[in-house]
Amino acid sequence: VTAVADLYPRYWAALETGDSAAAVGVAVGALEAGASLLDLLEGLVGAGQAEVGARWAANDWNVAQEHRATSVSEEVVAALAGRVTAPLTGRRALVTCADREWHSLPSRVLTAALRSAGWQVQFLGAAVPARHLAQVLHEFGPDVTAVSCALPTRLFEARQMIEVSRAAGIPVIVGGRGFGPQGRWAAVLGADAWAPDARGALARLDTLAAFTTPVPPLPRLDDAIDGLRTVARTVVDESVHRMTAALPDVARYDPGQLERTEEDVFHIVDFLCAALYVDDAALFTDFVGWLQDILVARGVPATTLSQGLRVISDVLVAQPGSYERPVRFLAAGIAQLDGGQRRGSLHSPDEQR
Amino acid sequence: LRTADALTGTLNLRRTARCVVHLAVPYLADWAGMTLVEGNRYRRIDSAGADGFAGDVRAPKLAGLGAAAAELDAARSGIRTHPGPLAAEMLAAFAVPAGLAEGLADGRGVLTTVPLLVPSGCWVLALAGRAAPDADELTAFTERVGRALTAAHLYEERATLARTLRAALVPAPLPQVPGIQLGAAYRPAQETTQIGGDFYDVTPRPDGRWAVSIGDVCGKGVEAAVLTGQVRQSLRTASLVTDDPADALRIVNDTLLRTDGSTFATVAYGVLGAGPSEWQLRLAVGGHPPPLLFRGGSVAPLPVQGTLVGMLPEVSFETVDLALCPGDVVLLYTDGVIEARGRSGVLGTDPVAHLLADCADLTAQALCERLLQLVMEHLDGWPHDDIAMLALRCTARSTA
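Residues numbered from 1 in each chain as written. Chains lettered and ligands numbered in written order. Predicted model: local features only at pLDDT ≥ 70, side-chain atom pairs only at ≥ 80, totals over all residues. Heavy atoms only, no water.

Asks: So what's going on with the packing of helix α6 (residues 130–140) of chain A against helix α6 (residues 135–169) of chain B? Residues and values would help.
Replies: At a closest axis distance of 10 Å, the pairing of α6 of chain A and α6 of chain B adopts a crossing angle of 120°. Here H132, Q135, H138 and E139 of chain A of α6 of chain A lie close against α6 of chain B, whose contacting residues are Y155, A159, R163 and R166 of chain B. Taken together, the residues of the contact of α6 of chain A with α6 of chain B sort by class into 2 nonpolar, 3 polar and 3 charged. (Axes fitted to C-alpha atoms, helices over the stretch in contact; angles between N-to-C directions. Helix = DSSP H or I, 4+ residues; strand = E, 2+ residues; numbered from the N terminus. Contact = heavy atoms within 4.5 Å. Nonpolar A, V, L, I, M, F, W, Y, C, P; charged D, E, K, R; others polar.)

Asks: Kindly report on the nonpolar core, identifying the contributing residues and their values.
Replies: Residues and elements named next belong to chain A. Grouped together as the largest cluster of nonpolar side chains are 69 residues, with contacts concentrated most on F284 and L309. A total of 11 residues in this core trace back to one element, the largest contributor, which is helix α11 (residues 255–278). Not counting residues up to four positions away in its chain, the partners in contact with L309 are I268, F284, V288, L330, G333, I334 and L337. Judged by nonpolar contacts, the second largest core, of 49 residues, contains Y11, A69, L80 and L105. (Core = buried A, V, L, I, M, F, W, Y, C linked by side-chain atoms within 4.5 Å. Buried < 20%, exposed > 50% of the residue type's maximum accessible area, 1.4 Å probe, protein only.)

Asks: Explain the pairing of strand β7 (residues 198–204) of chain B to me, using residue names and the numbers behind them.
Replies: Residues and elements named next belong to chain B. With 5 of 7 residues buried, β7 lies mostly within the body of the structure. Summarising the sheet, β7 and strand β8 (residues 210–217) pair through 7 bridges and their orientation is antiparallel. By the bridge assignment for β8, D201 is matched with S213. The hairpin formed by β7 and β8 contains 5 residues between the paired strands, and G208 there has a positive phi angle of roughly 90°. (Pairing = 2+ DSSP bridges.)

Asks: Can you explain the side chain of T304 of chain A? Please cite residues and give values.
Replies: Residue and element names in this part refer to chain A. With respect to the helices, strands and loops of the structure, T304 is situated in helix α13 (residues 304–317). Residue classification places T304 among the buried residues on the basis of a relative accessible area of 6%. Among the polar contacts made by the side chain of T304, one reaches the side chain of D249 at a distance of 3.1 Å. For T304, the contacting residues outside a window of four places in its chain are L247, D249 and V250. (Polar contact = N/O pair within 3.5 Å; in protein donor to acceptor, adjacent residues only side chain to side chain.)

Asks: Explain empty space enclosed by the protein to me, using residue names and the numbers behind them.
Replies: The full count for this structure, using the stated rule, is 1 cavity of 30 Å³ or more. Size it by volume and the largest cavity reaches roughly 30 Å³. Lining the largest cavity, in full, are H138 and E139 of chain A together with L11, N12, L13, Y155, E156, A159 and R163 of chain B. Put simply, the parts of the chain that give the lining of the largest cavity at least two residues each are α6 of chain A together with α6 of chain B. (1 Å grid on protein atoms, 1.4 Å probe; cavity = no way out; pocket = protein on both sides within 12 Å on 5 of 7 lines; lining within 4 Å. Points joined across faces, edges and corners; volume = space filled by probe spheres on them.)

Asks: Break down the packing of aromatic side chains for me, with residues and values.
Replies: This structure, assessed with the given rule, holds 9 aromatic pairs over all chains. Relative to Y277 of chain A, the ring of F156 of chain A has its centre 4.3 Å away and its plane inclined at 35°; by these criteria the two rings are tilted. A residue pair is termed long-range when its members are at least 10 positions apart, and F156 of chain A in helix α7 (residues 155–167) and Y277 of chain A in helix α11 qualify at 121 residues. Since its relative accessible area comes to 21%, Y277 of chain A is described here as partly exposed. Pairing F53 of chain B with W123 of chain B gives two aromatic rings, centres 5.8 Å apart and planes at 20°, and the pair type is stacked. (Phe/Tyr/Trp six-rings, centres within 6.5 Å; stacked < 30°, edge-to-face > 60°.)

Asks: I'd like a rundown of the interface of chain B and chain A, residues and numbers included.
Replies: Across the boundary between the two partners, chain B contributes 38 residues, which contact 38 residues of chain A. Both sides together, the interface formed by chain B and chain A hides about 3100 Å², and carbon and sulfur atoms give 50% of it. Per-residue buried area on chain B facing chain A is highest for R15, E191 and T192 of chain B; these three make up 20% of the total on that side. For the pair chain B and chain A, the interface holds 5 salt bridges. Our enumeration of links across chain B and chain A arrives at 17 residue pairs in polar contact (both at pLDDT 80 or more). (Buried area = accessible area lost by both parts, 1.4 Å probe. Salt bridge = Lys/Arg side-chain N within 4 Å of Asp/Glu carboxyl O.)

Asks: Explain the sheet that holds strand β13 (residues 320–324) of chain B to me, and be specific about the residues and the numbers.
Replies: All names here are of chain B. Reading across the sheet, the 5 strands line up as β7-β8-β9-β10-β13 and stay open at both edges, with antiparallel pairing between neighbours. Single-partner strands in this sheet number two, and they are β7 and β13. Between one strand axis and the next, the sheet turns by 20° as a mean value, whatever way the strands run. One ladder, built from 8 bridges, connects β8 with strand β9 (residues 265–274); its direction is antiparallel. Looking at β9, one finds that W210 is bridged to L272.

Asks: Quick one: what's the story with the packing of helix α1 (residues 4–16) of chain A against helix α4 (residues 63–83) of chain A, residue by residue and with numbers?
Replies: Residues and elements named next belong to chain A. It is at 9 Å that the axes of α1 and α4 come closest, and there the two elements cross at 125°. Relative to α4, the element α1 lies oblique. Contact with α1, carried on its side by Y11, L15 and E16, involves R68, A69, V72, S73 and V76 of α4 and no other residues of that element. Split into classes, the residues belonging to the contact of α1 with α4 amount to 5 nonpolar, 1 polar and 2 charged. (Parallel < 35°, antiparallel > 145°, perpendicular 65-115°, else oblique.)

If you want it as structure tokens, here you go:
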């Protein structure tokens, strides 16, 4: 049996060129030669996607290349899953992405891993509305709901999935980068369990209780999230307007660059809301560190983001209502960037992916 | 109280039964098993992990239990307490696990059985422990459990009915067509049931070719979905009579006018077959947005048009012929895609065409998922119409 790591260069070459037949060939060949499904899912598919994310973050790859590679990865997972059968053990799982969460590959990997361990799995796919989940839960009657969330900005939707499932007494295991390093926001949002990957999920599910209780409501700290959502459009318009006036390099942006700046500011506000939701400034500062690397890789001066955050903070302070927490989180982001410029970047490029 | 709490959460039969054995141990016994007897078949679930409800395995026949079946039958008449030693038939009747069964056979412990009647049959709850459970506690427990099981049975009956009806109203899984990769996405306006008035179909024709359709029936939700059934059925019938898509749409138009008069639809309908060296797609549309063709790096709408289907007696449909080469992608979609209205207005055709050009080398399924993502992110939570799309990606020359 060839070690999975030895096959990786050939697999990556296929992934890089979007050659799905070759990628499927490497993976299926290894499976037929005796490699384990979990090893292949981790060592080929997982490793490949991590590299895809790093290439995109470093601006070596465009979005189309990233999409093509992800599509190949999906084919590989489907091909592997189709070749592994296991007798049913009697356990049932429902696997789903949170609403608005379109990164479905991790949940496809989990689905394949669970089936190979004898679980009967219903896979609901990407961006599933919580109301649909509620209906399926009663029809299918799983022993666990697995919720995947790759982006912290989808934690609101992930929480809805947790609420719906736990209301039916069905425990929830969560996973994905959206839940933060070591899944630090999983417990805050009421998940019964968290796992770093498919292998970890299989192990964790062996000791997970079959029943759970309805999740208690989250404490309401202030009106900042509702307020921020109401004024988001104004904050974005006003911030971009002021940045154009105050920052010489932004003043030279063409319409396309301005549009992307506007998207970035929307994104910043989104992540600010997510950080407020779990009441953890680290969610925001992690994002800011990641965004800084992305922007710098695309030729944006290192000082622009920090200046942009200051503008957003100024605009926010001028809005009616209380924005004490978001302003504090913005300050933490600014402090990290200003400190980071002296020490060099602290963040690996694929941190958020 | 804990019993009531845990049982009220779920409507699912298997989960309810699982919950019963979960709650019974160690509250009432060391082990609890449930056997559902329905007609001449039975299913089991127990606190040690046995689960006869998993998978799609048919419930085994009672006759297979041999002499033990009589004990199961006797347990249906009322609460029974069996101090040990217990006969092998008793232990087999309730599937008491090996280790525990040994003790009971030797006379250590007590087995108590309680019948719980439900609309379709009878559950027998079997409890094994060192002593019999307290009578009052057992009564209180079985009353609550009985109500929950009855509710779950009624829900299951409804759910089975709904599932069967729903299966006829939502798109069927796509077939494998060698040389043409298929992909689709479907997002009805109604989130809970995921049923709507859009449809797509790829079905084999008797002549070895494939009938490809997508459409949008007036209205929303379940009512519209029922009408899609009519339209899809008429299309299938029409395809038996003619291989000209425009003719097929004329037949569907006449059928709808005769049956209802208030039902109309937009439809794109094609016949896909292997030509001598290329794939041939013959296509007609009725009131439907023209499908997009990706070829050689650029995207253009197919030059085909026609009137709404089922609205007027006088209609105009035309059939266009298209040869598909490897790399070509045809994207069919309903107007829920291009008319998606979000904060920044209506999506329109241009972003769809751009995405098709960028993603034409993805699998047809991945392409549709990307497009659905584009539409949903454009909507950003705003309400939407039913959305459906179907992509045909030519991956190999025809081998006819």
